[in-house]
Structure formats: C-alpha cells, structure tokens
Amino acid sequence: GQPIRTLNGHTDWIATATYSPDGLDILTASYDKTAALWDATTGRQRRLLSGHTDRLWSAAYSSDGHRIVTASYDKTARVWDPDTAREVLRLTGHADTVAGAVFSPDGQHIATAGYDGTLRYWNVTNSRQILFLDGHTSPVASIAFSFDGRRVVTGSYDKSASIWDASTGKQLLKLNGHTDQVVCAAFSRDDSRVATASGDGTARIWDAHTGRELARLNGHTDQVVSVAFSPDGHQVITASLDKTARIWDTDTGHPRQVLTGHSDMLETAEFASDGRRVVTSSVDKTARVWDLATGQQVMVLAGHLERLEDASFSPDGRRIVTASADGTARIWDAFSGRELVLLSGHSDKVEIARFSPDGTRVVTASDDRTARIWDAATGQQVLVLSGHTDRLWYASFSPDGTRVATTSDDRT
C-alpha cells in the first residue's frame, strides 16, 4: 500500500516509532540525538525532545501517556513531559549504551537495559535505582532458576557463573575458576549444588551456598556446551563439541558412560524425569534418545531442516521438544519418535525450547530477539516476549510456571 503520511524532520536514522496510548500522536527516536512527537492525523511535528548528547536507541510512553522515556548511547535514560517537551528526570548509572527503557504498567517504575551487562529498575518518583543481574562483564549465555524459585544462576562469556537472589537481584555468589566462557549452568534438584559447562573443555560442580568447587569433570576433547543433573542428583550429563555426551558421578567426578553415535557436534544433553533415559541434540540435524542401563541409542528424531540447538523432555517424560536453526521447534512422542506438533513463527533460528513445569506450555528463545510461549497441545502461539536488543540465548520457566527468565547477547 501507499503511505498515508510522511514524517519529515529527523536528520539521521530513526531507531523506533510508536503511537501514543490515545493514538493521536506518533513518537520517534533518532540517531540525530532527538526524539520527536508528531500529529498522527496531519504528520506535523508537535514537539522535539532535545538534550541527549548521543544517538537515541528507543522512546516509549507511560501507559497513561503523561510521560515519555528515552534511551541513548550517551549512557542515560531520560523522562520527558510530552506537553512541554521538558526533561523531568535523568537516569544515570549505566557504564555503556542504554539500549532500551520502558515504563512498568503502573507507571511507577522504569526498566533499563544496558550494554554494560545490566538490567536496572528505577523508581520514577525518587530516581532510586534497584540493580538486577549487575555483575557480568560480558554477555550472559545461560540462566536457570533454583528449584525453590528463590535464586537464579547465570553463566557468562566473562568465564564466570553467578548466583543471584531472584526477588532482589542481589548477587549472592560468583563462581570463578573456568578459563573460558561459561555457556551453561544448572542447579541440582535439591538446590545444594550448581554445575557449569565451559569452553575450556571441562564441567565443574560447585557448592551453591559457599561457592566452593566440589568436582572438576575432565575428559572431553573439545568445548563442553551443556550440563545437567540427574533427578536424584547422583549423576551429571555433559554434551560436547567432540560429538559425545558423557555421564559422570557427581560425588567423585569420575566418568561412568560415553554416549557415541552422533555424526557432528552436540548442543545439549538432558535426563528424562525418571533418570533412565537421556536425549541429546546435535548439529547433525537429529535428536537421539539413549537408554542409560545399556548406554545404547534407542531412537533418532529426524525431520528438522537445519542443525538442532536444543532437545528437552516434558516433565512426565512422554514428549520431547526440539529447537532448530530452521526457525522452528517440534514436539515428539518420546517413545515412538512420531512428530506431534510443529511450533512455527520465529523469523530466525530457535536457540532453545523448554516445557513449562505442568507440560502445557513451551517457551522458545530465538535469534529474532524474541522469546515465545506456545500451547504444547495445539502449537498455537500464546505470547511474544519482546524487549531484548540482540539475539536470545536461553529461556527458562520458574518452578511454579508463572515467570520466564531470558538471556541475550545484549548482556541482560
């Protein structure tokens, strides 16, 4: 179709454009260091919000339309009165570009995301800052809740993992020791231990209350990209770029089994809820199911058109969900290998797919900068979670299924 109005006035790229809540105005943010308000009917510029000292990334209204927040390369977010174009609040503290800023639904708080690896919450009334996940110096690759929902563990390209209070965002522990990026971190079922997987070719087990390293799992000949505890906590499974998955004794750190059969690098490995089976995903475009009593492969899940990024059992062990670079996720019968549901809607590769605790939903995270919630029975898309400014790496449900945690290359 043809454009109804052309809004001319900015002198550089326009990063975002959005309607006001009442639909009467259009708000734009530009690389020319300004935001502008336009009459949506006539296209006339009504207000120019000027004051930032570098390019703007975004601009957003509060739900009542009485305030605007902008985010900028100048490391600040600013709050404006749209009637007067006056700056009423400046949020400073980020050490790098503020890539996004949004109001809470009640308008009382603002969340900002920065290239400094932090997500920050602010009280609009007094500018008080509450820090959340502030501590990593590089992108966060992995995030997982503890099973009681009280803590979160993250793994980062800065070669460390961190444990956080899930309600306050306070960093409780930092797990240092790996010599390369930490790409996966997970709690044991009793929340007493954390396992990490690293590009340094090792996995490690840590005391989740003291941060002490308990065991170092050596044996893979390439990067370890995934780690998970068995349901009883006595074993850990790792997946590696060396095309194998390995089972380890968590108390001694000694290897128990090596699972071989994939023809290319592995991406993930995970136990079923009964602890008797394992599912692995690979660059060879397949997922495979293994019987741990024999160490033998019992099923190959083939159908994706590109490499698999993830495979995971449903809580009852009857289904498997896979995520692929072909932009889809698929749900399979875990005993027959029959494809049950196709989850299609992402515009780029899907990095991870996980069931909700009750098995009725699936969350996916994608390079298209969104996470999505799906009905696991019908494949219908339920929600789109947008806000990250770079590709997503990971998504995880909280134990009660009411929250989702996501990580991204935008360092938040």
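The structure presented is a predicted model; accordingly, all values stated were derived computationally and were not measured.

*Asks:* What's the story with the overall build of the chain in this structure? I'm lost.
*Replies:* Helix and strand counts for the chain come out as 0 helices and 38 strands. By the compact-globule yardstick of 22 Å for 412 residues, the chain fits well, its C-alpha radius of gyration being 23 Å. Dimensions of the chain, computed from the C-alpha atoms along their principal axes, are close to 70 × 50 × 35 Å. Considering only contacts within the chain whose residues lie at least 6 apart along the sequence, 39% involve residues at least 24 apart. For the chain, the exposed surface amounts to about 17,400 Å²; the carbon and sulfur share of it is 46%. The chain carries 43 positive and 52 negative side-chain charges, and their two centres are separated by 2 Å.

*Asks:* Would you mind going over the pairing of strand β30 (residues 319-324) with me for this structure?
*Replies:* Each regular strand carries side chains that alternate between the two faces of the sheet. Across the 6 residues that make up β30, a large majority, 6, are buried. Alternating residues of β30 divide into Arg319, Val321 and Ala323 and Ile320, Thr322 and Ser324, and every residue in both groups is buried. Where strand β29 (residues 308-313) lies against β30, 5 bridges are found, and the strand directions are antiparallel. Looking across to β30, one finds that alanine 311 is bridged to threonine 322. Counting the residues between successive antiparallel strands, the hairpin from β29 to β30 contains 5 residues, one of them, glycine 317, with a positive phi of roughly 75°. Two elements, β30 and strand β31 (residues 328-333), share 5 bridges in a ladder whose sense is antiparallel. Bridge assignment links alanine 323 to a residue of β31, and that residue is alanine 329.

*Asks:* Would you take a moment to explain the pairing of strand β4 (residues 45-50) for this structure?
*Replies:* With 5 bridges connecting them, strand β3 (residues 34-39) and β4 associate as antiparallel partners. Among the inter-strand pairings, tryptophan 38 is bridged to a residue of β4, identified as glutamine 45. In this antiparallel pair of consecutive strands, β3 and β4, the connection spans 5 residues, and glycine 43 shows a positive phi of 80°.

*Asks:* Quick question: what am I supposed to make of the sheet that holds strand β19 (residues 203-207) here?
*Replies:* Strand pairing in a sheet is mediated by backbone hydrogen bonds. Such pairs are either parallel or antiparallel. Here 4 strands make up an open sheet; going across it, the order is β17-β18-β19-β20 and the pairing antiparallel. Because the sheet does not close on itself, it has two edges, and the strands there are β17 (182-187) and β20 (213-217). The sheet shows a mean angle of 20° between the axes of neighbouring strands, taken without regard to direction. When β19 meets β20, the two strands line up antiparallel, connected through 4 bridges. Paired with arginine 204 across the strands is arginine 216, a residue of β20.

*Asks:* Hey, could you run me through the sheet that holds β29 in this one?
*Replies:* Reading across from one edge, β29-β30-β31-β32 is the order of the 4 strands in this open sheet, with antiparallel pairing throughout. In this open sheet, the two strands that pair with only one neighbour each are β29 and β32 (339-344). In this sheet, adjacent strand axes meet at a mean angle of 15° when their direction is disregarded.

*Asks:* Just to check I follow, could you spell out the nonpolar core for this structure?
*Replies:* Generally speaking, soluble globular proteins have nonpolar side chains that are buried together. Of all hydrophobic cores here, the largest spans 15 residues; its most connected members are Ile143, Phe145, Val152, Ile352, Val363, Ala365 and Ala395. When contributions to this core are tallied by element, the ones reaching two or more residues are β13 (140-145), β34 (361-366), β35 (370-375) and β37 (392-397). With 4 residues, β37 is the single largest residue contributor to this core. Non-local contacts of alanine 395, meaning those with residues more than four positions away in its chain, are made with Ile352, Arg354, Val363, Ala365, Val404, Ala405 and Thr406.

*Asks:* For this particular structure, what's the right way to read the packing of aromatic side chains?
*Replies:* How two aromatic rings sit relative to each other is set out by the distance from centre to centre and by the angle between their planes. Counted by the stated rule, this structure contains 3 aromatic pairs. Ring centres 5.5 Å apart and planes at 40° place the aromatic pair tryptophan 13 and tyrosine 31 in the tilted group. Of this pair, tryptophan 13 sits in the segment before β1 (14-19) while tyrosine 31 sits in the loop between β2 (25-30) and β3, placing them 18 residues apart in sequence. With a centroid separation of 5.7 Å and 10° between ring planes, the pair formed by tryptophan 57 and tyrosine 73 is classed as stacked. Here the residue tryptophan 57 occupies a position in strand β5 (residues 56-61), and tyrosine 73 occupies one in the loop between β6 (68-72) and β7 (76-81), the gap between them amounting to 16 residues. Accessibility classification places tryptophan 57 together with tyrosine 73 in one group, the buried group. Linked through ring pairs, Trp13, Tyr31, Trp57 and Tyr73 together constitute an aromatic cluster. Against the face of tyrosine 31 rests arginine 55, its NZ or CZ located 5.3 Å from the ring centre. Directly above the aromatic system of tyrosine 73 lies the positively charged group of arginine 55, at a separation of 3.7 Å from the ring centroid.

About the thresholds
- Per chain, residues are indexed from 1 in the order of the written sequence.
- Selection of residues for local features in this predicted model requires a pLDDT of at least 70, selection of side-chain atom pairs for listing and counting requires 80 or more, and totals for whole chains, interfaces and linings are taken over all residues.
- In computing side-chain values, all of the structure's heavy atoms are included and hydrogens and water are not.
- In this text, helices come from DSSP runs of H or I with a minimum length of four residues, and strands from runs of E with a minimum of two, each type numbered from the N-terminal end.
- C-alpha atoms define the radius of gyration in this analysis, and the globule rule sets the expected value at 2.2 Å times the number of residues to the power 0.38.
- Residues are treated as being in contact if the distance between any of their heavy atoms lies within 4.5 Å.
- Accessibility throughout is a Shrake-Rupley quantity obtained with a 1.4 Å probe, and a residue counts as covered only by protein chains that appear here.
- Charged residues are defined here as Lys and Arg on the positive side and Asp and Glu on the negative side; His and the ends of the chain fall outside this count.
- To locate a charge, take atom NZ for lysine, CZ for arginine, CG for aspartate or CD for glutamate.
- Think of it in three bands: residues with accessible area under 20% of the maximum for their type are buried, residues over 50% are exposed, and the middle band is partly exposed, with areas taken using a 1.4 Å probe on protein chains only.
- What makes two strands pair is DSSP finding at least two bridges between them.
- Geometry is summarised by axes, namely lines fitted to C-alpha atoms with helices restricted to the contacting stretch, and by angles between N-to-C directions that run from 0 to 180 degrees.
- By nonpolar core is meant a set of buried Ala, Val, Leu, Ile, Met, Phe, Trp, Tyr and Cys residues that side-chain atoms within 4.5 Å join together.
- In this scheme Phe, Tyr and Trp rings, the latter by its six-membered ring, pair at centre separations within 6.5 Å, and the angle between planes marks the pair as stacked below 30 degrees, edge-to-face above 60, and tilted otherwise.
- Distance and angle both matter: a charge sits over a ring if NZ of Lys or CZ of Arg is within 6 Å of the ring centre and within 35 degrees of the ring normal.

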